[in-house]
Amino acid sequence: MTAPTVEAAIHELMDLAWNLVYDLLEERGLLGDGLFVEEYTGIHSWVEDLTRYTVVHSRMVAVLFVDTRPVDAIVFHHDLLGAADPKGFFSVP
């Protein structure tokens, strides 16, 4: 179980762009048996220059948001956590 503030941040970000996240996961072949926001329990966010990057992840999938727009999704792996440049795992436009 995640802390209420972390849960709220994940839900807010995912809800804001629900259709875009769904389409992105489907496009990448990562949709699986369905998409449940409750499965996303991890979030990592940082700012570079004037841009906020946020990675929201479940045990299986990680989604990269630039500001509030989802831009890429990958299969989640633990090397992503604690990486010096987490966005390097993704294709950032």
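In what follows, the structure referred to is the one given above.
The structure reproduced in this document is the subject of the present report. Since this is a predicted model, take the numbers as computed values, not measurements. (Residues numbered from 1 in each chain as written. Predicted model: local features only at pLDDT ≥ 70, side-chain atom pairs only at ≥ 80, totals over all residues. Heavy atoms only, no water.)

Looking at the nonpolar core
Here's step 1: Counting residues in each nonpolar core, the largest one holds 16 residues, and the members touching the most others are Met14, Val21, Leu25, Tyr40, Val56, Val63 and Phe65.
Here's step 2: When contributions to this core are tallied by element, the ones reaching two or more residues are helix H1 (4-16), helix H2 (18-27) and strand S3 (61-66).
Here's step 3: Residues within four places of methionine 14 in sequence aside, it is in contact with Val21, Val37, Tyr40, Val56 and Phe65.
Here's step 4: With 11 residues, the next largest nonpolar core counts Val66, Val71, Phe76 and Phe90 among its residues. (Core = buried A, V, L, I, M, F, W, Y, C linked by side-chain atoms within 4.5 Å. Buried < 20%, exposed > 50% of the residue type's maximum accessible area, 1.4 Å probe, protein only. Helix = DSSP H or I, 4+ residues; strand = E, 2+ residues; numbered from the N terminus. Contact = heavy atoms within 4.5 Å.)

Some points on the sheet that holds S3
Here's step 1: On the basis of which strands lie adjacent, the open sheet formed by four strands has the order S1-S2-S3-S4 and antiparallel pairing. Each end of this open sheet is capped by a strand with a single partner; those strands are strand S1 (42-48) and strand S4 (69-75). Recorded for the sheet is a direction-independent mean angle of 20° between the axes of neighbouring strands.
Here's step 2: Bridge analysis of strand S2 (residues 51-57) against S3 gives five bridges, and the strand direction is antiparallel. By the bridge assignment for S3, valine 55 is matched with leucine 64.
Here's step 3: With respect to the sheet, H2 is in contact with S3 and S4, its orientation differing from that of S4 by roughly 35°. (Pairing = 2+ DSSP bridges. Axes fitted to C-alpha atoms, helices over the stretch in contact; angles between N-to-C directions.)

Quick notes on the pattern of salt bridges
Here's step 1: Counting across every chain of the model gives four salt bridges.
Here's step 2: For arginine 28, the salt bridge identified is with glutamate 27, shortest N-O distance 2.5 Å.
Here's step 3: The partner of lysine 87 in a salt bridge is aspartate 85, and the shortest N-O contact between them spans 3.2 Å.
Here's step 4: Here the residues in one salt-bridge network are Glu27, Arg28 and Asp72, joined through shared partners. (Salt bridge = Lys/Arg side-chain N within 4 Å of Asp/Glu carboxyl O.)

Observations regarding the packing of aromatic side chains
Here's step 1: The full count for this structure, using the stated rule, is one aromatic pair.
Here's step 2: Here tryptophan 46 and tyrosine 53 contribute two aromatic rings whose centre-to-centre distance is 5.6 Å and whose plane-to-plane angle is 20°, an arrangement assigned as stacked.
Here's step 3: Here tryptophan 46 falls in the buried class, since its relative accessible area comes to 14%.
Here's step 4: A relative accessible area of 11% places tyrosine 53 in the buried class.
Here's step 5: The side chain of lysine 87 reaches across the aromatic face of tyrosine 53, ending 5.2 Å from its centre. (Phe/Tyr/Trp six-rings, centres within 6.5 Å; stacked < 30°, edge-to-face > 60°. Lys NZ or Arg CZ within 6 Å of the ring centre and 35° of its normal.)

Topic: H1
Here's step 1: Here H1 spans 18 Å end to end across 13 residues, near enough to the 18 Å set by a 1.5 Å rise per residue.
Here's step 2: Turning to H1, its buried residues are Ile10, Leu13 and Met14. With its buried residues spanning 95° around the axis, H1 presents them on a single face. Of the residues in H1, the exposed ones pointing more than 90 degrees away from the buried face are Pro4, Thr5, Glu12 and Leu16.
Here's step 3: In this structure, the buried residues of H1 make contact with H2, S1, S2 and S3. (Expected span 1.5 Å × (residues − 1). Arc of directions from axis to C-beta.)

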